[in-house]
Amino acid sequence: MPTLSIWFVRTAFSYLVLGFTFGALMLANKGVPFAATLWRLRPAHIELLTIGWVVQLALGVAYWILPRFWEGPARGNTTGAYLAYGLLNGGIWLVALSTWLGLSPGLQLAGRLAEAGAALSFAWHIWPRIVGREG
Amino acid sequence: MPPLTRWYVRSSFLYLVATLVTGVWLAARAVWPGSLPGSSALSPIYFHLFMIGWVTQLIFGIANWMFPVYTREAPRRSERLGSATYALLNTGLLLRIVAEAGVAGAGATGWRWLLGGAVLLLLLAALAFVVNTWGRVTGK
């Protein structure tokens, strides 16, 4: 597994645990109410698990598994993939923190833009690797 | 495909069916309000059947199969912890569904404590998976 995939996958695992923890706190509160403010975690819970866990894991595995080049660097120009890692995680934290702490909606917008940038970046990297056996 | 992966994948497809049936139920209740039984618990049940039952379970199963081997002697690290993860995830999810419906309906104390039990099982499932799989995320 290449280094960048290790980063993506281990980061995804961390979001899995954190997202489940946020969910556990809210669900426990639903059963035996002890802190009403825990509901503020809901958007962050959703963000961490959908984008942080699922999307991030998919990108990490795709970077690892999709066809490699016979000549030159095996995974081609990897700049887009590394950029995607940074933009995706920066975006996730902007969205999660801004919704949890009730910060300016502009920060949430910035987070979403970063995530969109991550998708474009990763697509730029991976597109040439989406080939059939005939090349 | 190792046995545990087969358990995960088959279960995930059962949950996918359950998710979509729940989705139909939710949509039908919107079309014919008051004609079909249900409660405020249906919506979170739908989302968690999908995200935990289908998506996360399928990921756990495929990762168990496809990720780099841990060692030649223990390719998937601990088979026992792997099986425990499966049991914790599914028991936790099923308990959550039953208890959430119970809390939304009767709201009795017993349902609320069952919900707490579900919380613990699901959290332990996530931790168990990460502990058992972290060492397989390597450059081997």
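Attention in this report is confined to the structure presented alongside it. All values derive from a computational prediction rather than experimental measurement.

Some thoughts on the overall build of chain A
Reasoning step 1: Looking only at helices and strands, one finds four helices and zero strands in chain A.
Reasoning step 2: When its helices and strands are written in sequence order, chain A yields α-α-α-α.
Reasoning step 3: Taken along its principal axes, the extent of the C-alpha atoms in chain A is 60 × 30 × 20 Å.
Reasoning step 4: Buried residues in chain A amount to 44% of all 135 residues.
Reasoning step 5: Sequence separation of 24 or more characterises 73% of the internal contacts of chain A that already satisfy a separation of 6 or more.
Reasoning step 6: Carbon and sulfur atoms provide 70% of the accessible area of chain A, an area that totals close to 6,800 Å².

A closer look at the interface of chain A and chain B
Reasoning step 1: Contacts between the two partners involve 25 residues from chain A and, on the opposite side, 31 residues from chain B.
Reasoning step 2: Counting each side, the surface lost to burial between chain A and chain B is near 2,400 Å², with a carbon and sulfur contribution of 79%.
Reasoning step 3: Taken as a group, Phe13, Phe20 and Leu27 of chain A account for 27% of the area that chain A buries against chain B, more than any other trio of residues on that side.
Reasoning step 4: Inspection of the region where chain A meets chain B yields five residue pairs in polar contact (both at pLDDT 80 or more).
Reasoning step 5: Among the secondary structure elements, those contributing two or more residues to the side of chain A that touches chain B are α1 (3-31) and α2 (42-65) of chain A.
Reasoning step 6: At 14 residues, the largest contribution of residues to the side of chain A that touches chain B is made by α1 of chain A.
Reasoning step 7: Of the residues that constitute the side of chain A that touches chain B, the class distribution is 18 nonpolar, five polar and two charged.

Regarding the packing of helix α1 (residues 3-31) of chain B against helix α3 (residues 79-105) of chain B
When two helices pack together, their arrangement is given by the angle between the helix axes and by the axis-to-axis distance.
All names here are of chain B.
Reasoning step 1: Following both chains from N to C, one finds α1 and α3 inclined at 15°, their axes separated by 10 Å at the closest point. Here α1 lies roughly parallel to α3, going by the angle between them. For α1 against α3, the interelement crossing comes out left-handed. For the pair α1 and α3, contact is made by Leu4, Trp7, Tyr8, Ser11 and Tyr15 and by Gly82, Ser83, Thr85, Tyr86, Leu89, Asn90, Leu93 and Leu94, respectively.
Reasoning step 2: Here the contact of α1 with α3 is built from residues that sort into eight nonpolar, five polar and no charged.

Details of the side chain of arginine 136 of chain B
All names here are of chain B.
Reasoning step 1: Its place among the elements puts arginine 136 in the segment after α4 (109-134).
Reasoning step 2: The side chain of arginine 136 is buried and forms no salt bridge, while glutamate 79, the nearest opposite charge, is found at 7.6 Å.
Reasoning step 3: A distance of 2.8 Å separates a polar atom in the side chain of arginine 136 from the backbone oxygen of phenylalanine 67.
Reasoning step 4: Not counting residues within four places of it along the chain, the set of residues in contact with arginine 136 comprises Ala63, Asn64, Trp65, Phe67, Pro68, Tyr70, Pro75 and Arg76.

Focus on the packing of aromatic side chains
Reasoning step 1: Summed over the entire model, instances satisfying the criterion amount to 19 aromatic pairs over all chains.
Reasoning step 2: Both rings, one in phenylalanine 13 of chain A and one in tryptophan 53 of chain A, keep their centres 6.2 Å apart while their planes meet at 50°; by these two values the pair is tilted. Highlighted residues: phenylalanine 13 of chain A in helix α1 and tryptophan 53 of chain A in helix α2, separated in sequence by 40 residues.
Reasoning step 3: Tryptophan 53 of chain A sits in the buried class, given a relative accessible area of 0%.
Reasoning step 4: With centroids separated by 3.8 Å and ring planes inclined at 5°, the aromatic side chains of phenylalanine 60 of chain B and phenylalanine 129 of chain B adopt a geometry described as stacked. Of this pair, phenylalanine 60 of chain B sits in helix α2 (residues 42-66) while phenylalanine 129 of chain B is found in helix α4, placing the two residues 69 residues apart along the sequence.
Reasoning step 5: These aromatic residues form a ring-pair network of at least three members: Phe13, Trp53 and Trp64 of chain A together with Trp7, Tyr8, Phe60, Phe67, Tyr86, Phe129 and Trp134 of chain B.
Reasoning step 6: The ring of tyrosine 63 of chain A carries arginine 75 of chain A above its face, with NZ or CZ at 5.5 Å from the centroid.
Reasoning step 7: The ring centre of tyrosine 70 of chain B lies 5.4 Å from the NZ or CZ of arginine 77 of chain B, which sits over that ring.

Analysis parameters
Residues numbered from 1 in each chain as written. Chains lettered and ligands numbered in written order. Predicted model: local features only at pLDDT ≥ 70, side-chain atom pairs only at ≥ 80, totals over all residues. Heavy atoms only, no water. Helix = DSSP H or I, 4+ residues; strand = E, 2+ residues; numbered from the N terminus. Buried < 20%, exposed > 50% of the residue type's maximum accessible area, 1.4 Å probe, protein only. Contact = heavy atoms within 4.5 Å. Areas by Shrake-Rupley, 256 points an atom, 1.4 Å probe, with all protein chains shown as cover. Buried area = accessible area lost by both parts, 1.4 Å probe. Polar contact = N/O pair within 3.5 Å; in protein donor to acceptor, adjacent residues only side chain to side chain. Nonpolar A, V, L, I, M, F, W, Y, C, P; charged D, E, K, R; others polar. Axes fitted to C-alpha atoms, helices over the stretch in contact; angles between N-to-C directions. Parallel < 35°, antiparallel > 145°, perpendicular 65-115°, else oblique. Left-handed = near helix turned anticlockwise from the far one by under 90°. Lys, Arg positive; Asp, Glu negative; His and termini not counted. Salt bridge = Lys/Arg side-chain N within 4 Å of Asp/Glu carboxyl O. Phe/Tyr/Trp six-rings, centres within 6.5 Å; stacked < 30°, edge-to-face > 60°. Lys NZ or Arg CZ within 6 Å of the ring centre and 35° of its normal.

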